[in-house]
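# Chains, contacts and geometry: an overview
Spelled out from the first residue to the last, the chains are:
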Amino acid sequence: MIIVGAGQSGLAAARAVQVRGLEPLVLEAEDRPVGSWPSYYDSLRLFSRAKYSGFPGFVFGGDPDRYPHRDEVVDHLARYADHLGVEIRTRTRVDTVSATGAGYAIRTETGDELEADGVIAATGSFPNPVYPKLPGLESFTGDVVHAADYRNPEPFAGRRVVVVGGGNSGVQIAHELAAVSDLTLATRAPVAFLGQRPLGRDVHFWFGALGFDRLPPAVLRRLVRGPLVLDTGSYRAALESGSVRRRPMFAALDGDEVVWSDGTREHLDALVLATGYRPAVGYLRDLGAVDEQGAPHHRGGISLTHRGLGYVGLELQRSFASNTLRGVHRDAAHVAAAVTAQARSAPTLVGS
């Protein structure tokens, strides 16, 4: 069994496969088995407390009620990879996956070819940021930075900046930039907030206690119509006080100006796009396992096109928590059970 990706999803999948009696081989493009976490912006902290964010049998050390920093997560993942004891090949980027009579052939970027009876794609979405088609973007003369490449506010100090996106990343980055720049947050709808500690308990306690974490995607899409921003106590206040200025989405960009929906124009130095990501599974395109937009054909992480192929770490794969530290292990166990059975030619139907 080959697992592509050694971030939180890949490590969760490796454990789930290992539990089922197989020895997985994990292929990781970067030089450490920690996924994309080192590339996230410098100030990032988990929204979930340490006690909700560990791995099975491998909890975060220290105060269980703290919200771990990005670098703590990196260290946690690296130590967990050592703890698992599975084979992880770093600096091994997968180029293509193709079907063979017995399973799959995995070709790496260096031309090496590996064979496997099953594959779990666990490469997440961070390497595949979405750049929306904004009117006039091609003519804009300022800097354009996706949230995937944002690290800290220093390069934006004293400049006129617009952040696009009303999700967690957009609001967090805007809040940070507002302290050093002339900042506007542009969103298509008002920002929707969810308090981090309703009724004095961490929101993730309530997600678990009320079963929200386990609601299927079809139900979630009816209940949650747009992005929810977890408010630590400062984000909502910043928008309400005007220290973070929010405006409806602009109409166009024009040279070094932004044109707002009311026709007013302002000089603009930089645009930060907190506009999301798509699954980074381009290596499955030739296999025919994804659609024209690159989205996997799957149900609950189990491929609808190929036996012995699964996914871990997709957004809303099976629940609200699917691509989070606290929820990925449930999905990994579900997918590993089906994919290992299929790889062993057990009578398991794709999509069951």
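Residues numbered from 1 in each chain as written. Predicted model: local features only at pLDDT ≥ 70, side-chain atom pairs only at ≥ 80, totals over all residues. Heavy atoms only, no water.

## Quick notes on the overall build of the protein
- When helices and strands are tallied, the protein shows eight helices and 20 strands.
- Dimensions along the principal axes, computed over C-alpha positions, put the protein at roughly 65 × 45 × 40 Å.
- Taking contacts inside the protein between residues at least 6 apart in sequence as the whole, the part at least 24 apart equals 62%.
- On the protein, roughly 16,000 Å² of surface is accessible, and the fraction owed to carbon and sulfur atoms is 49%.
- In the protein, which carries 37 positive and 39 negative side-chain charges, the distance between the mean positions of the two groups comes to 8 Å. (Helix = DSSP H or I, 4+ residues; strand = E, 2+ residues; numbered from the N terminus. Contact = heavy atoms within 4.5 Å. Areas by Shrake-Rupley, 256 points an atom, 1.4 Å probe, with all protein chains shown as cover. Lys, Arg positive; Asp, Glu negative; His and termini not counted. Charge placed at Lys NZ, Arg CZ, Asp CG, Glu CD.)

## Side note on the sheet that holds strand β8 (residues 143-146)
- Read from one edge of the open sheet, five strands run β8-β17-β9-β10-β13, paired in parallel fashion. For this open sheet the edge positions go to β8 and β13 (245-248), each flanked by a neighbour on one side alone. The mean angle between the axes of side-by-side strands here comes to 25 degrees, regardless of whether they run parallel or antiparallel.
- Where strand β9 (residues 160-164) meets strand β17 (residues 270-273), four bridges bridge the pair, whose relative direction is parallel. By the bridge assignment, valine 163 is partnered in β17 with valine 272. (Pairing = 2+ DSSP bridges. Axes fitted to C-alpha atoms, helices over the stretch in contact; angles between N-to-C directions.)

## Some words on the side chain of histidine 69
- Here histidine 69 is to be found in the loop between α2 (50-53) and α3 (70-84).
- For histidine 69, a relative accessible area of 18% gives the class buried.
- Within the structure, histidine 69 has its side chain in polar contact with the backbone nitrogen of aspartate 71 (distance 3.0 Å).
- Apart from the residues within four sequence positions on either side, histidine 69 is in contact with Asp42, Ser43, Leu44 and Arg45. (Buried < 20%, exposed > 50% of the residue type's maximum accessible area, 1.4 Å probe, protein only. Polar contact = N/O pair within 3.5 Å; in protein donor to acceptor, adjacent residues only side chain to side chain.)

## Focus: the nonpolar core
- Judged by nonpolar contacts, the single largest core of 59 residues is most densely connected at Ile120 and Leu177.
- In contact with isoleucine 120, not counting residues within four places along its chain, are Met1, Ile2, Ile3, Val4, Ala13, Val17, Gly310, Val312, Val335 and Val339.
- Ile106, Ala116, Ala289 and Leu309 belong to the second largest nonpolar core, which has 21 residues in total. (Core = buried A, V, L, I, M, F, W, Y, C linked by side-chain atoms within 4.5 Å.)

## Here we look at the packing of aromatic side chains
- Scanning all chains against the criterion turns up eight aromatic pairs.
- Within the aromatic cluster, the residues linked to one another by ring pairs are Trp37, Tyr40, Phe126 and Tyr277. (Phe/Tyr/Trp six-rings, centres within 6.5 Å; stacked < 30°, edge-to-face > 60°.)

## With respect to the pattern of salt bridges
- The final tally for this structure, using the stated rule, is 19 salt bridges.
- A salt bridge links glutamate 30 to arginine 93; its shortest N-O distance comes to 3.5 Å. Of the two residues, glutamate 30 sits in the loop between β2 (25-27) and α2 while arginine 93 sits in the loop between β3 (87-89) and β4 (94-99), which places them 63 residues apart along the sequence.
- In this structure arginine 93 comes out as partly exposed when scored by relative accessible area, which is 37%.
- Where aspartate 65 meets arginine 49, a salt bridge forms, and the shortest distance between an N and an O atom there is 3.3 Å. (Salt bridge = Lys/Arg side-chain N within 4 Å of Asp/Glu carboxyl O.)

## Section: the sheet that holds strand β14 (residues 252-254)
- Across the sheet, which stays open at both edges, the three strands sit in the order β14-β15-β16 with antiparallel pairing between neighbours. Among the strands making up the open sheet, the edge pair consists of β14 and β16 (265-267). Sheet twist, expressed as the average angle between the axes of neighbouring strands with direction ignored, equals 25 degrees.
- With three bridges connecting them, strand β15 (residues 257-259) and β16 associate as antiparallel partners. Looking at the pairing, valine 259 lines up with arginine 265 of β16.

## Considerations on helix α8 (residues 328-343)
- Compared with the 22 Å implied by 1.5 Å per residue over 16 residues, the 22 Å span of α8 between its first and last C-alpha is a close match.
- Counting buried residues in α8 gives 12 out of 16 residues, a clear majority hidden from the surface.
- The complete set of buried residues in α8 reads Val328, His329, Asp331, Ala332, Val335, Ala336, Ala338, Val339, Thr340, Ala341, Gln342 and Ala343.
- In the core, the buried residues of α8 are packed alongside α1 (8-19), α3, β7 (119-121), β19 (302-303) and β20 (309-311). (Expected span 1.5 Å × (residues − 1).)

## Notes on helix α4 (residues 168-177)
- The element α4 is extensively covered by neighbouring structure, given that seven of its 10 residues are classed as buried.
- Those residues of α4 that sit buried are Gly170, Val171, Gln172, Ile173, Ala174, Glu176 and Leu177.
- Where the residues of α4 are buried, they touch β9, β10 (182-187), β11 (192-195), β12 (228-231), α7 (235-241) and β17.

## A word on the environment of serine 322
- Within the element layout of this structure, serine 322 appears in the loop between β20 and α8.
- Its relative accessible area of 0% is what places serine 322 among the buried residues.
- For serine 322 and histidine 69, which are 253 residues apart along the polypeptide, the C-alpha to C-alpha distance reads 20 Å.
- Each residue touching serine 322, except ones within four places of it in the same chain, is listed here: Gly313, Leu314, Leu316, Gln317, Gly327, Val328 and Asp331.
- Among the polar contacts listed, one links the side chain of serine 322 to the side chain of aspartate 331, at a separation of 2.6 Å.

## A closer look at the environment of alanine 121
- Summarising the element assignment, alanine 121 is placed in strand β7.
- In sequence terms alanine 121 and aspartate 82 are 39 residues apart; their C-alpha atoms lie 21 Å from each other.
- Sequence-distant contacts of alanine 121, defined by excluding residues within four places in its chain, comprise Val4, Val281, Tyr283, Leu284, Gly310, Tyr311 and Val312.

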